[in-house]
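Remarks on the overall topology
Single-letter residue listing:
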Amino acid sequence: SAQIIGGYFSSHVPGIGGAIARGAQAEPYWKPFFDGYPPVRTWLAQARPDVAIVFYNDHGLNFFLDAMPTFAVGAAAAYPNEDEGWGLPVYKTFQGDPGLSWHIIEELVGSGFDITMCQKMKVDHALSIPFELAYPDVAAWPVKIVPIAINTVQYPLPSPQRCYDLGRAVHRALQSWQDDTRVVVIGSGGLSHQLDGARAGFINADYDRFCLDHLANDPEALLRHSTEEVAAIAGTQGVEIVNWIAARGALGQGPHAEVTRNYHIPISNTAAATLVLTPT
Ligand code: DHB
Ligand code: FE
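Before going into details, it helps to say that this report is about the structure given with it. As the structure is a prediction and not an experimental result, all values here were calculated from the model.

1. As for the site of ligand 1
Lining the immediate surroundings of ligand 1 are His12, Val13, Pro14, Gly15, His59, Gly189, His193, Leu195, Gln237, Ser268, Asn269 and Thr270. For the shell around ligand 1, the per-class residue count stands at 3 nonpolar, 9 polar and no charged.

2. Describing the sheet that holds strand 2 (residues 51-56)
If you trace the 8 strands from one edge of the open sheet to the other, you get 6-3-7-2-8-1-10-9, paired in mixed fashion. The open sheet has two edge strands with one neighbour each: strand 6 (116-118) and strand 9 (256-267). Within this sheet the neighbouring strands show an average axis-to-axis angle of 15 degrees, counted without direction. Bridge count for strand 3 (residues 71-74) against strand 7 (residues 144-150) is 3 bridges, and the pairing is antiparallel. Among the inter-strand pairings, Ala72 is bridged to a residue of strand 7, identified as Ala149. Taken strand by strand, helix 3 (residues 38-47) contacts strand 1 (3-10), strand 8 (182-188), strand 9 and strand 10 (270-279), and its axis lies near 145 degrees from that of strand 9. Lying over the sheet, helix 9 (residues 241-251) contacts strand 1, strand 2, strand 7, strand 8, strand 9 and strand 10, oriented at roughly 160 degrees with respect to strand 8.

3. Some points on the packing of helix 6 (residues 160-175) against helix 9
Following both chains from N to C, one finds helix 6 and helix 9 inclined at 35 degrees, their axes separated by 6 Å at the closest point. Every pair of crossing elements has a handedness; the one defined by helix 6 and helix 9 is right-handed. When helix 6 is examined against helix 9, the residues Pro160, Cys163, Tyr164, Asp165, Leu166, Gly167, Arg168, Val170 and His171 are found in contact with a partner set consisting of Val242, Ile245, Ala246, Ala247, Arg248, Gly249, Ala250 and Leu251. For the contact of helix 6 with helix 9, the residue count by class is 11 nonpolar, 3 polar and 3 charged.

4. Describing the pairing of strand 2
Counting buried positions along strand 2 yields 6 of 6 residues, so the element is predominantly enclosed. Residues Val51, Ile53 and Phe55 point to one face of strand 2 and Ala52, Val54 and Tyr56 to the other, with burial holding for every one of them. Both strand 2 and strand 7 contribute to a ladder of 6 bridges, which runs parallel. What sits directly across from Ile53, in strand 7, is Val146. Of the pairings in the sheet, the one linking strand 2 to strand 8 comprises 5 bridges and is parallel in character. Directly across from Val51, in strand 8, lies its bridge partner Val183.

5. Comments concerning the packing of helix 4 (residues 98-110) against helix 6
Running from N to C, helix 4 and helix 6 point in directions that differ by 125 degrees, and their axes come no closer than 9 Å. It follows from the interaxial angle that helix 4 and helix 6 lie oblique. Relative to helix 6, helix 4 is oriented so that their crossing is right-handed. Packed against helix 4, whose contacting residues are His103, Ile104, Glu107 and Leu108, the element helix 6 presents Ala169, Val170, Arg172 and Ala173 at the interface. Class assignment of the residues belonging to the contact of helix 4 with helix 6 gives a composition of 5 nonpolar, 1 polar and 2 charged.

6. A word on the nonpolar core
Ile53 and Ala246 are the most contacted members of the largest nonpolar core, which totals 79 residues. If one sorts the elements of this core by residue count, helix 9 sits on top with 8 residues. The contacts of Ala246, once residues within four sequence positions are left out, are Phe55, Ile150, Cys163, Tyr164, Leu166, Gly167 and Gly187.

Reading guide: rules and limits
Residues numbered from 1 in each chain as written. Chains lettered and ligands numbered in written order. Predicted model: local features only at pLDDT ≥ 70, side-chain atom pairs only at ≥ 80, totals over all residues. Near = placed C-beta within 6 Å. Nonpolar A, V, L, I, M, F, W, Y, C, P; charged D, E, K, R; others polar. Pairing = 2+ DSSP bridges. Helix = DSSP H or I, 4+ residues; strand = E, 2+ residues; numbered from the N terminus. Axes fitted to C-alpha atoms, helices over the stretch in contact; angles between N-to-C directions. Contact = placed C-beta atoms within 7 Å. Left-handed = near helix turned anticlockwise from the far one by under 90°. Buried ≥ 20, exposed ≤ 12 C-beta atoms within 10 Å, placed from the backbone. Parallel < 35°, antiparallel > 145°, perpendicular 65-115°, else oblique. Core = buried A, V, L, I, M, F, W, Y, C linked by C-beta atoms within 7 Å.

In short, the description is geometric, and any link to function would need to be established separately.
If you want it as structure tokens, here you go:
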């Protein structure tokens with residue numbers, strides 16, 4: 001069985017990559033946000049994961065509106081990054097773990113998730129920004145990845161319940177894995193934000209607090225809303241919370257402790273949050 005060492009949850013605003021490229025981390029606008037990451041780095045250095053299972057959403061880099069999988073699981077040996085249009089640097093290529101990917105895919109399809117399997121897959125800022133934040137200045141990423149992309153873009157969107165169940169199926173796959181690989185589960189995106197339309201800039205701090213307060217030990221409280229309701233409550237891009245919900249499902253149902261939490265409004269149009277949970 002894989003050893004699930006915990007979950008790391010982070011917003012993925014592209015502007016964060018710009019701030020890193022400019023060395024702006026200590027500027028007043030950015031400092032309260034970047035201050036959330038030293039505890040994440042300390043925890044990762046001590047927990048030493050081998051593989052990260054990353055629940056994220058593709059923003060038009062690998063998938064577009066012409067063909068949009070609801071759930072897509074990477075099964076590649078390597079995942080290159082590209083900038084899908086934000087003016088970001090191109091980040092280091094991620095190494096995959098095809099054996100673990102195929103094991104997860106078999107468990108998912110076997111339990112009724114008709115996922116798309118991707119032997120060739122590019123990963124966008126939603127995957128690279130949390131890694132840039134967690135592992136600044138490394139020559140090569142110290143963990144392999146299994147990327148799992150959830151559609152948060154082209155309606156109809158999967159429900160929070162369905163995403164949680166997807167995560168629970170990933171948890172079962174980790175439990176039946178052949179060795180004791182150390183796994184960190186990552187949830188990327190959120191919290192509340194809306195990038196376009198009359199409500200651009202909309203943030204709902206009460207809902208964000210509710211999510212942060214319940215994710216560790218009452219994640220089912222986040223499943224009572226449909227994705228459309230989440231868009232109304234948390235903004236059209238606030239639906240990225242489903243990546244956090246799926247990641248929480250993959251951690252398993254036992255109680256979890258909060259290692260660190262940060263919440264800062266706003267970063268660009270987004271309520272930015274950072275969280276690490278460990279099984280107790
Ligand atoms: C922003 C947030 C996102 O989640 C994203 O994918 C792109 C932009 C923003 O707030 O600017
Ligand atoms: Fe996003």
